[in-house]
Amino acid sequence: MTTKALTPTTELTGTTQQAMTNRPRRLRRSEAIRELVRETIVRPEDLIYPLFIVPNTRPRVEIGSMPGVFQMRAREAAEESRKAFDAGIRAVLLFGLPEYKDAIGSASWDPAGPVQSAIEAIRRAVPEMTIIADVCLCEYTDHGHCGVVVDRNGVKDVDNDETLPLLMKQALSFAAAGADFVAPSDMMDGRIGAVRRALDARSLSDVGIIAYSAKFASGFYGPFREAAESTPQFGDRRTYQMDPANTREAMREIDLDVAEGADIIMVKPALSYLDVIRGARERVGLPVAAYNVSGEYSMIKAAAERGWIDGNRVMNEVLTSIKRAGADLIITYFAMEFATQRSRV
Ligand code: PBG
């Protein structure tokens, strides 16, 4: 088979060159130039590292659906926090798996509970680390819901106002153990104000609140529920977590949390909600956090394991996109991997 080479006529080439004053590719010619003009750079200091804490009676185990993520004991959390701080990470977010569960999640305010013990152990091992404790009942209740379940004429639902005092108790317990921030993730109405008042009444006004303001009822939480053993035993979370279709409502939730005294607001999940992150960034003066959730992590890990994508490259692209959308802080299971990697793309 013979092909005839197509050579542009000098006449045509000349015309093209004259018209091309702007050549964006000049700014992409070398890695040095690309680094020079890069607009968004993720730093380890932007990341918050989630840790799952089990009682000392349980072993450290890797979570099946989240390769590289472990359930760990307080002592191990302190060791991991030391490594994280040395790699540039400035904050950890703690989730607890209690010794026992009941209808109201009372294990969550046990002063010897896994989160309280981990706060104390991390504080001793890494005094400079920012310690954030997630406040929610779902890991501690036998029904797996984020609040008190009531039966109204045969219909089960989570009661908002009965849940608030329990969240306050839990937040106070974490704060008393030494948490720098509490992060309510339950999505009850009025909980930021309630937790703020509870802290202030106990002279814990230095303890801040990171509000899971726009938390959507998402399928991307699947692997987390294995990690935290918090799958609802009936129904779902749609009467308290937000409908994924709603942006205006997300802005309203954010406004309410700002008015109630949140120090940092959060959008969760991150990747399917980049527009919400951008909306939040443009709307409030507070720092905006985004939660790169378990499903977002596991999808990348699973595809990378199969060789379908370059996991490191996609991790960097995803974290960059979340920051580019407007997040100041990113909660991510990639925190350690990102902070300790050699090359940043
Ligand atoms: C609730 C909570 C959840 C997550 C963080 N806090 C799960 C849920 O709402 O069901 C999800 C985080 C993730 O998927 O990584 N306490």
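What comes next concerns the included structure.

About the criteria used
Residues numbered from 1 in each chain as written. Predicted model: local features only at pLDDT ≥ 70, side-chain atom pairs only at ≥ 80, totals over all residues. Heavy atoms only, no water. Helix = DSSP H or I, 4+ residues; strand = E, 2+ residues; numbered from the N terminus. Contact = heavy atoms within 4.5 Å. Areas by Shrake-Rupley, 256 points an atom, 1.4 Å probe, with all protein chains shown as cover. Lys, Arg positive; Asp, Glu negative; His and termini not counted. Charge placed at Lys NZ, Arg CZ, Asp CG, Glu CD. Salt bridge = Lys/Arg side-chain N within 4 Å of Asp/Glu carboxyl O. Polar contact = N/O pair within 3.5 Å; in protein donor to acceptor, adjacent residues only side chain to side chain. Expected span 1.5 Å × (residues − 1). Buried < 20%, exposed > 50% of the residue type's maximum accessible area, 1.4 Å probe, protein only. Arc of directions from axis to C-beta. Axes fitted to C-alpha atoms, helices over the stretch in contact; angles between N-to-C directions. Parallel < 35°, antiparallel > 145°, perpendicular 65-115°, else oblique. Left-handed = near helix turned anticlockwise from the far one by under 90°. Phe/Tyr/Trp six-rings, centres within 6.5 Å; stacked < 30°, edge-to-face > 60°. Lys NZ or Arg CZ within 6 Å of the ring centre and 35° of its normal.

### Description of the overall build of the chain
Part 1: From N to C terminus, the chain includes twelve helices and twelve strands.
Part 2: The principal-axis extent of the C-alpha atoms belonging to the chain is close to 80 × 45 × 40 Å.
Part 3: The contacts in the chain between residues at least 6 apart in sequence include a share of 74% that link residues at least 24 apart.
Part 4: Total accessible area computed for the chain in this model is approximately 16800 Å², and 51% of it derives from carbon and sulfur atoms.
Part 5: In the chain, the 43 positive side-chain charges and the 47 negative ones have mean positions that sit 8 Å from each other.

### Quick notes on the pattern of salt bridges
Two side chains carrying opposite charge are able to pair once their charged atoms lie near each other.
Part 1: Counting across every chain of the model gives 20 salt bridges.
Part 2: Between Glu 76 and Arg 73 there is a salt bridge whose closest N-O contact spans 2.7 Å.
Part 3: Here the salt bridges share partners, and the residues they tie into one network are Glu 31, Arg 34 and Arg 38.

### Focus: the side chain of Asp 257
Part 1: Its location among the elements puts Asp 257 in helix H8 (residues 248-260).
Part 2: A polar side-chain atom of Asp 257 sits 2.8 Å from a polar atom in the side chain of Ser 213.
Part 3: Residues contacting Asp 257, with those up to four places away along its chain left out, are Arg 191, Ile 192, Ala 211, Tyr 212, Ser 213 and Ala 262.

### Side note on H8
Part 1: Given a rise of 1.5 Å per residue, 13 residues ought to cover 18 Å, and the 19 Å separating the end C-alpha atoms of H8 matches this to within 8%.
Part 2: Those residues of H8 not exposed but buried are Ala 250, Met 251, Glu 253, Ile 254 and Asp 257. Relative to the axis of H8, the buried residues are bounded by an arc of 160° and lie together on one face. Turned more than 90 degrees away from the buried face of H8 sit Arg 248, Arg 252 and Ala 259, all of them exposed.
Part 3: Gly 261, located one to two residues past H8, shows a positive phi value of around 110°.

### Thoughts on the environment of Glu 337
Part 1: Within the element layout of this structure, Glu 337 appears in helix H12 (residues 335-340).
Part 2: Sequence separation of Glu 337 and Gln 241 is 96 residues, and the distance between their C-alpha atoms is 30 Å.
Part 3: In contact with Glu 337, other than residues within four places in its own chain, are Lys 301 and Met 315.

### Considerations on helix H11 (residues 311-325)
Part 1: Between its first and last C-alpha, H11 extends 21 Å over 15 residues, near the 21 Å set by a 1.5 Å rise per residue.
Part 2: Against the buried residues of H11 lie helix H9 (274-283), strand E11 (288-292), helix H10 (294-305), strand E12 (329-332) and H12.
Part 3: The backbone nitrogen of Asn 312 lies 3.2 Å from a side-chain oxygen of the residue at the head of H11, namely Asp 310.
Part 4: Of the residues flanking the end of H11, it is Gly 326, one or two places downstream, whose phi is positive at about 130°.

### Description of the packing of helix H4 (residues 114-125) against helix H5 (residues 160-177)
Part 1: At a minimum axis separation of 8 Å, H4 and H5 run at an interaxial angle of 25°. Overall, the two elements H4 and H5 adopt an arrangement that is roughly parallel. Classified by chirality, the crossing of H5 by H4 is right-handed. Listed contacts from H5 to Val 115, Gln 116, Ile 119 and Glu 120 of H4 are Ser 173, Phe 174 and Ala 177.

### Quick word on unusual backbone geometry
Comment: phi is negative for the bulk of residues other than glycine, and the bulk of peptide bonds are trans.
Part 1: Cis geometry is found at the peptide bond from Lys 268 to Pro 269, where omega equals -10°.
Part 2: Note that Pro 269 resides in the loop between strand E10 (264-268) and H9.
Part 3: At Asn 153, a residue that is not glycine, the phi angle is positive and equals roughly 50°.
Part 4: Note on Asn 153: relative accessible area 81%, which makes it exposed.

### Details of the packing of aromatic side chains
Part 1: Applying the stated criterion across every chain, the model contains nine aromatic pairs.
Part 2: Judged by centre distance (4.7 Å) and plane angle (55°), the ring pair of Tyr 297 and Phe 334 falls under tilted. Taken together, the residues span a long stretch of sequence, with Tyr 297 in helix H10 and Phe 334 in the loop between E12 and H12 at a distance of 37 residues.
Part 3: Take Tyr 297: its relative accessible area is 2%, and that puts it in the buried class.
Part 4: Look at Phe 334 and you get buried, because its relative accessible area is 1%.
Part 5: Over the aromatic face of Phe 85 sits the side chain of Arg 90, whose NZ or CZ is 3.9 Å from the ring centroid.
Part 6: Positioned above the aromatic ring of Tyr 221 is the side chain of Lys 268, whose terminal nitrogen or guanidinium carbon lies 4.6 Å from the ring centre.

This is a description of form; function is not addressed.
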